[in-house]
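# Chains, contacts and geometry: an overview
If you want the building blocks of each chain, they are given just below.
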Amino acid sequence: MIASVRGEVLEVALDHTVIEAAGVGYRLNATPATLATLNRGEETRLYTAMIVREDSMTLFGFADTEARDLFGLLQTVSGVGPRLAMAVLAVLEPEALRKALAESNVAALTRVPGIGKRGAERMVVELRDKVNLVPVQAGPPGAVTPAIAPVRDQVVDALTGLSFPLKQAEQAVDSVLAEQPAADTSTALRAALSLLGKNR
């Protein structure tokens, strides 16, 4: 099990980063909030969760152990896999997720694409008490990710990577950017995910 990766940031994309450690470049899927703390060429450490399937081995990176532990906790809920757990953490940062579960805020949870009312209710019932067992941790101070492509292209690429149809992704991003023309990639992705969740 790979528990953390420390090294130079080689690449920062919208849904993943590549970090070189001991001469090997590791691709880590990560949320916009985590990616916003990274800068190409700088050294960083990300805490990781490794998911092994018959046909793949995937690393997920987190700025702190709290987010990593919540990622693991979310997957204990029936029907929640790694991709959906990452979508939850992309829309709801750890503090917001804790609050939504503590307050049984089903509406906040259904903003996540792929989670309906029944799934949100199950999540609340199963995790409301367990979430308090995950220690609260502050991550490193955030830094703005350098622009590597126009915001629209980055967000559309991330949404299609999450299995949304291209046309649907483009419409959602265009709608978000029409309302928030100055939005950065992280903000635009959250808003687009929220919009797509409402339109399901």
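Up top you'll find the structure we're talking about.
In this report, the structure presented in the accompanying data block is examined. (Residues numbered from 1 in each chain as written. Predicted model: local features only at pLDDT ≥ 70, side-chain atom pairs only at ≥ 80, totals over all residues. Heavy atoms only, no water.)

### A look at the pattern of salt bridges
- Taken as a whole and assessed by the stated rule, the structure comprises five salt bridges.
- Across the salt bridge formed by Arg98 and Glu66, the nearest N and O atoms sit 2.8 Å from each other. Of this pair, Arg98 sits in helix H4 (residues 94-102) while Glu66 sits in helix H2 (residues 65-74), placing them 32 residues apart in sequence. As far as burial versus exposure is concerned, Arg98 and Glu66 are alike and both buried.
- A salt bridge links Glu93 to Arg190; the nearest nitrogen and oxygen atoms lie 2.7 Å apart. Taken together, the positions of Glu93 in the loop between helix H3 (82-91) and H4 and Arg190 in helix H9 (residues 185-198) put the pair 97 residues apart, joining distant regions of the chain. (Salt bridge = Lys/Arg side-chain N within 4 Å of Asp/Glu carboxyl O. Helix = DSSP H or I, 4+ residues; strand = E, 2+ residues; numbered from the N terminus. Buried < 20%, exposed > 50% of the residue type's maximum accessible area, 1.4 Å probe, protein only.)

### Structural notes on H9
- Taking 1.5 Å of rise per residue, 14 residues should cover 20 Å, and H9 covers 20 Å from first to last C-alpha, within 8% of that figure.
- Considered for burial, the residues of H9 that qualify are Thr185, Ser186, Ala188, Leu189, Arg190, Ala192, Leu193, Ser194, Leu196 and Gly197.
- Packed against the buried residues of H9 are helix H1 (32-35), H3, helix H7 (151-161) and helix H8 (166-179). (Expected span 1.5 Å × (residues − 1). Contact = heavy atoms within 4.5 Å.)

### Quick word on the packing of aromatic side chains
- Under the definition given, this model contains two aromatic pairs.
- A ring pair is formed by Phe62 and Phe71, whose centres lie 5.1 Å apart and whose planes are at 45°; its orientation type is tilted.
- Residue Phe62 is classed as buried on the basis of its relative accessible area of 1%.
- Grouped by ring-pair contacts, the aromatic residues Phe60, Phe62 and Phe71 constitute a single cluster. (Phe/Tyr/Trp six-rings, centres within 6.5 Å; stacked < 30°, edge-to-face > 60°.)

### Observations concerning the packing of H8 against H9
- Direction vectors running N to C along H8 and H9 enclose 120°, while the axes themselves pass 9 Å from each other. In terms of their interaxial angle, H8 and H9 are classed as oblique. Considering how the two elements wind past one another, H8 and H9 form a crossing that is right-handed. Contacts between H8 and H9 involve Gln168, Ala172, Val173, Ser175, Val176 and Leu177 from the former and Ala188, Ala191, Ala192, Leu195 and Leu196 from the latter.
- Of the residues contributing to the contact of H8 with H9, the split by class is nine nonpolar, two polar and no charged. (Axes fitted to C-alpha atoms, helices over the stretch in contact; angles between N-to-C directions. Parallel < 35°, antiparallel > 145°, perpendicular 65-115°, else oblique. Left-handed = near helix turned anticlockwise from the far one by under 90°. Nonpolar A, V, L, I, M, F, W, Y, C, P; charged D, E, K, R; others polar.)

### Details of the sheet that holds strand S3 (residues 24-29)
- Strand order in this closed barrel of five strands is S1-S2-S3-S5-S4, and the pairing throughout is mixed. This sheet shows a mean twist of 55° between the axes of neighbouring strands, independent of strand direction.
- Here six bridges tie strand S2 (residues 16-21) to S3, and the two strands are oriented antiparallel to one another. Across the sheet, residue His16 finds its bridge partner in S3, namely Asn29.
- Most of the contacts of H2 go to strand S4 (residues 43-53), to which it runs at about 10°, and overall it touches S4 and strand S5 (56-62).
- Set on the sheet, H3 makes contact with S3, S4 and S5; between it and S5 the angle comes to about 15°. (Pairing = 2+ DSSP bridges.)

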